[in-house]
Each structure stands twice: as C-alpha cells, then as structure tokens.
Amino acid sequence: MRDETAAERFDKLVAETGPEIERLEPDTLAYVVHTVPAEPLVRVFYELYTDRAAFDFHEEQAHTKRFLAEREQYLSGLHVTFLQAESGKGPLRK
C-alpha cells in the first residue's frame, strides 16, 4: 500500500468485496487476504478456484470489477503469480 491511510481504505474495500464473493461465487473455493506482520503495508491474496472458468466468472462480477478499479488508488505496486497444483491434498486433487 502507498501509506497507512491507503492500507486502511484498501482493507475496507476488501471487507466490502469479500461477502459478495462468498455469496455469489460458489466455485471460488478460497479468497484469503493476509497481512505481513513485519511489513504492515503489504497484503497477500490467496485465491483458489475450481477451474479457470470459475476464475473467469470471478473476474466478470460487478463486485470484482469495482474492487479492481478502486484498488489502484491505494497500491504502490502489484505482483500476480498464477500457480498450477501438481500434488498435495486439497479440494482440487482427485
């Protein structure tokens, strides 16, 4: 985040968006926002979807579009990494 005020406003935006994801996106399996104790301006998102179609559905939602548009004013940078599960235990492993 740019500063503490931006972090507070960003967290409010996240708090407003989360319930809509939970209510409207059954194939979004996890949408978790982490803080980093040693870096109070950092936020880490962990998102898990049943498949790419579920992610695409998430991206098309009004609440997601609002979040993506409004978050820009609070960020000092952004890094996104897409992961592919290869092994382990979880809802996507058969």
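Draft legend 1. Representation of helix 2 (residues 52-60) in the model. For helix 2, every residue scored as buried is listed here: Ala54, Phe55 and His58. Projected onto a plane normal to the axis of helix 2, the buried residues spread over an arc of 100° and lie on a single side. The exposed set on the far side of helix 2, more than 90 degrees from its buried face, consists of Arg52, Ala53 and Glu60. You can read the cap of helix 2 off the contacts: a side-chain oxygen lies 3.2 Å from the backbone nitrogen of Ala53, and it is on Asp51.

Draft legend 2. Region of the structure containing the nonpolar core. Among the nonpolar cores identified, the biggest contains 9 residues, and these are Met1, Ala6, Ala7, Phe10, Leu13, Val14, Phe67, Tyr74 and Leu75. Here the element with the most residues in this core is helix 1 (residues 4-24); it accounts for 5 residues. The contacts of Leu75, once residues within four sequence positions are left out, are Met1, Arg2 and Phe10.

Draft legend 3. The side chain of Arg43, seen in detail. Its place among the elements puts Arg43 in strand 2 (residues 39-49). For Arg43, a relative accessible area of 15% gives the class buried. Side-chain polar atoms of Arg43 contact the side chain of Asp11, separated by 2.8 Å. A distance of 2.8 Å separates the side chain of Arg43 from the backbone oxygen of Pro40, its partner in a polar contact. What Arg43 contacts, discounting residues up to four positions off in sequence, is Met1, Ala7, Phe10, Asp11, Val33, His34 and Thr35.

Draft legend 4. Layout of the side chain of His58. Take His58: it is sitting in helix 2. At 2.7 Å, the side chain of His58 and the side chain of Glu25 are in polar contact. Dropping the residues within four chain positions of it, His58 is found in contact with Ile21, Glu25, Thr28, Tyr31, Glu47, Tyr49 and Thr64.

Rules and cut-offs
- Residues numbered from 1 in each chain as written.
- Predicted model: local features only at pLDDT ≥ 70, side-chain atom pairs only at ≥ 80, totals over all residues.
- Heavy atoms only, no water.
- Buried < 20%, exposed > 50% of the residue type's maximum accessible area, 1.4 Å probe, protein only.
- Helix = DSSP H or I, 4+ residues; strand = E, 2+ residues; numbered from the N terminus.
- Arc of directions from axis to C-beta.
- Polar contact = N/O pair within 3.5 Å; in protein donor to acceptor, adjacent residues only side chain to side chain.
- Core = buried A, V, L, I, M, F, W, Y, C linked by side-chain atoms within 4.5 Å.
- Contact = heavy atoms within 4.5 Å.

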